Amino acid sequence: WSKCKNAGLKNIHLFSWTEHCKTYLSRIAGCKPRQPNWQKSDLKFEESESDSPGDSLNIQDISLNLKLSLDGERTEGGSNLDDTLDSEENAVDAKSKMENAVLKLSKSMDKAQIDGGNLHGHAARRRKYVFVIAVDSDSRSGLLEIVRTVFEAAVDVRSKGPVGIVISTALTIAELNSILQSGGLSASEFDAFICNSGGELYYPSTRAEDKSAGFPFIKDSNYHSHVEYRWGGENLRKTLLKWANSVNEKKGQDGAQIVIAEDSASTTHCYAFKVNDFSLLTPLKELRKFLRFQALRCHSIYCLNGTRLNVIPVMASRSQALRYLYVRWHTELSNFVVFTGEYGDTDYETLLGGIHKKIVLKGVCTEARKLHANRVYPLEHVVSFDSPNIVLAGGSNPEDISAALGKLGILKS
């Protein structure tokens with residue numbers, strides 16, 4: 001409006017509602033897309049047309065509309081020749097910049113479609129059920145044992161159809177890979193890996209160079225562009241370091257470090273801190289309050305039995321990663337079966353909500369009870385354990401898990 005006032009009646013047609021809509025859409029076209037783009041590659045595998053919002057965005061149509069919009073900018077007849085030439089040069093420059101932005105967007109979308117995770121997604125769509133191992137085990141050997149037990153239970157379910165296996169954990173992908181290798185398990189036996197409390201999402205890689213390098217995983221670039229929204233980045237990291245220093249100064253005795261940055265466990269979308277003494281650490285609600293006062297929106301999670309703090313984007317979480325996979329794989333969320341312990345990390349309650357099925361393993365992760373000692377409200381106020389979608393298994397052995405699957409109607413009792 002200020003430009004309109006300064007220019008008077010010159011180019012007044014550019015401030016109409018129609019022109020406003022064209023400008024708005026052109027700005028969106030030049031932004032980094034947050035909608036998933038993998039659906040376009042589905043045409044290679046399916047004859048049906050995808051209903052993704054990204055599929056309705058035709059890059060060529062956008063380019064044409066932008067040309068029409070920018071070509072429509074003309075000066076009034078009363079302007080002199082110099083003004084006319086300057087106006088035309090500015091219009092050409094603006095049009096060139098906008099078209100370059102659209103071409104750049106098109107190339108980035110094409111590159112995203114080649115992502116190896118797309119190919120794996122088509123195989124995952126054929127799964128009848130998806131078992132999600134979200135047990136925050138007290139020990140890494142305990143996690144490996146539960147993974148093997150769930151694999152045994154999945155054998156009986158496969159008579160009804162293919163079963164996918166997903167691991168959801170606060171560990172890094174490198175730590176998880178080490179555990180799987182120690183147990184003789186291959187990454188190709190799983191469908192996805194939700195790591196860093198939901199800050200990272202990986203799939204098993206089929207590329208020979210990845211396997212030979214000892215890192216048979218591929219990152220989901222679409223998921224990471226999604227969780228990038230309002231991520232604090234370096235500013236958040238510096239703020240967390242100041243918070244850790246203040247905690248160490250106030251509560252540390254004889255120079256002891258209560259919480260220190262753990263760079264080896266940190267990733268692009270997860271800042272990890274090692275906790276040496278959880279009993280002296282600030283309650284989680286105080287940390288969240290501190291970050292809110294700094295206008296930093298993120299999720300803070302005490303995990304691994306109180307030995308680590310993970311800070312991830314506000315759009316990321318283990319539960320949100322499951323819903324992302326549900327959309328990407330075109331599966332029914334009610335066919336997801338999430339395995340948890342009696343307790344877990346401080347994001348534990350988010351895994352128990354929703355229409356997916358839950359199996360709580362009795363006697364597992366009991367030491368994590370201390371992470372929930374400072375709760376403002378009981379867990380029962382958030383999660384309905386009377387729900388038919390939640391079943392309490394008698395233990396973590398194959399018989400108890402099979403019995404729980406029978407109660408959920410997945411196996412015959």
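Worth saying up front: this structure is predicted, and the values here are computed from it rather than measured.

Draft legend 1. Just the overall build of the protein, in detail. Of the regular secondary structure elements, the protein holds 13 helices and twelve strands. Out of the 413 residues belonging to the protein, those deemed buried represent 46%. In the protein, the proportion of contacts linking residues at least 24 apart, taken out of those at least 6 apart, comes to 66%. Accessible surface, the protein: about 21400 Å² in total, of which carbon and sulfur atoms supply 51%.

Draft legend 2. Structural context of a nonpolar patch on the surface. Among the surface-exposed residues, Y24, L25 and I28 lie close enough to one another that they form a single nonpolar patch of about 330 Å² accessible area. Among the residues examined, I28 registers a relative accessible area of 44% and is labelled partly exposed.

Draft legend 3. View of unusual backbone geometry. At H330, a position not held by glycine, the phi torsion is positive, near 55 degrees. In this structure, H330 sits in the loop between helix 12 (318-329) and strand 10 (336-341). Overall, H330 belongs to the partly exposed group, its relative accessible area being 44%.

Draft legend 4. Just the packing of helix 6 (residues 140-157) against helix 7 (residues 173-182), in detail. The contact between helix 6 and helix 7 brings their axes to 10 Å, and the two run at 65 degrees. For the crossing formed where helix 6 meets helix 7, the hand is right-handed. For the pair helix 6 and helix 7, contact is made by R140, L143 and L144 and by E175, L176, I179 and S182, respectively. Residues of the contact of helix 6 with helix 7, tallied by class, amount to four nonpolar, one polar and two charged.

Draft legend 5. Highlighting the environment of L185. Within the secondary structure layout, L185 lies in the loop between helix 7 and strand 3 (192-195). Once you skip the residues sitting within four places of it in the chain, L185 turns out to touch L144, V147, L180 and F190.

Draft legend 6. Summary view of the pattern of salt bridges. Scanning all chains against the criterion turns up ten salt bridges. Salt-bridge contacts for R328 lead to D220; the nearest nitrogen and oxygen are separated by 2.5 Å. Of this pair, R328 sits in helix 12 while D220 sits in the loop between strand 5 (217-219) and helix 9 (221-227), placing them 108 residues apart in sequence. Accessibility assignment for this pair places R328 and D220 in one class, buried. The closest approach of N and O atoms between E234 and R237, which form a salt bridge, is 2.5 Å. A residue pair is termed a helical-turn pair when its members lie 3 or 4 positions apart in one helix, as E234 and R237 do in helix 10 (residues 233-251) at three residues. Taking relative accessible area as the criterion, E234 reaches 39% and is therefore assigned partly exposed. The exposure class assigned to R237 is partly exposed, which follows from its relative accessible area of 31%.

Draft legend 7. Helix 2 (residues 17-30), seen in detail. An ideal rise of 1.5 Å per residue puts 20 Å on 14 residues; helix 2 measures up with 20 Å between its terminal C-alpha atoms. Turning to helix 2, its buried residues are E19, S26 and A29. Along the axis of helix 2, the buried positions cluster into a sector of 80 degrees, meaning they face one direction only. Summarising the geometry of helix 2, the exposed residues directed more than 90 degrees from the buried face are W17, Y24, L25 and R27.

Draft legend 8. Geometry of the sheet that holds strand 12 (residues 390-393). Read across the sheet, eight strands follow the order 5-4-3-2-1-10-11-12 without closing on themselves; strand pairing throughout is mixed. A single partner strand is all that each edge strand has here, and the edge strands are strand 5 and strand 12. Direction aside, neighbouring strands of the sheet carry axes that sit 25 degrees apart on average. Bridge count between strand 2 (residues 163-168) and strand 3: three bridges; the pairing is parallel. Among the inter-strand pairings, V166 is bridged to a residue of strand 3, identified as A192. The strands that helix 7 touches are strand 2, strand 3, strand 4 (200-204) and strand 5; relative to strand 3, the one it contacts most, it runs at about 130 degrees.

What counts and what doesn't
- Residues numbered from 1 in each chain as written.
- Predicted model: local features only at pLDDT ≥ 70, side-chain atom pairs only at ≥ 80, totals over all residues.
- Heavy atoms only, no water.
- Helix = DSSP H or I, 4+ residues; strand = E, 2+ residues; numbered from the N terminus.
- Buried < 20%, exposed > 50% of the residue type's maximum accessible area, 1.4 Å probe, protein only.
- Contact = heavy atoms within 4.5 Å.
- Areas by Shrake-Rupley, 256 points an atom, 1.4 Å probe, with all protein chains shown as cover.
- Patch = residues over 30% accessible without salt bridge, like charges linked within 9 Å, V, L, I, M, F, W, Y side chains within 5 Å.
- Salt bridge = Lys/Arg side-chain N within 4 Å of Asp/Glu carboxyl O.
- Axes fitted to C-alpha atoms, helices over the stretch in contact; angles between N-to-C directions.
- Left-handed = near helix turned anticlockwise from the far one by under 90°.
- Nonpolar A, V, L, I, M, F, W, Y, C, P; charged D, E, K, R; others polar.
- Expected span 1.5 Å × (residues − 1).
- Arc of directions from axis to C-beta.
- Pairing = 2+ DSSP bridges.

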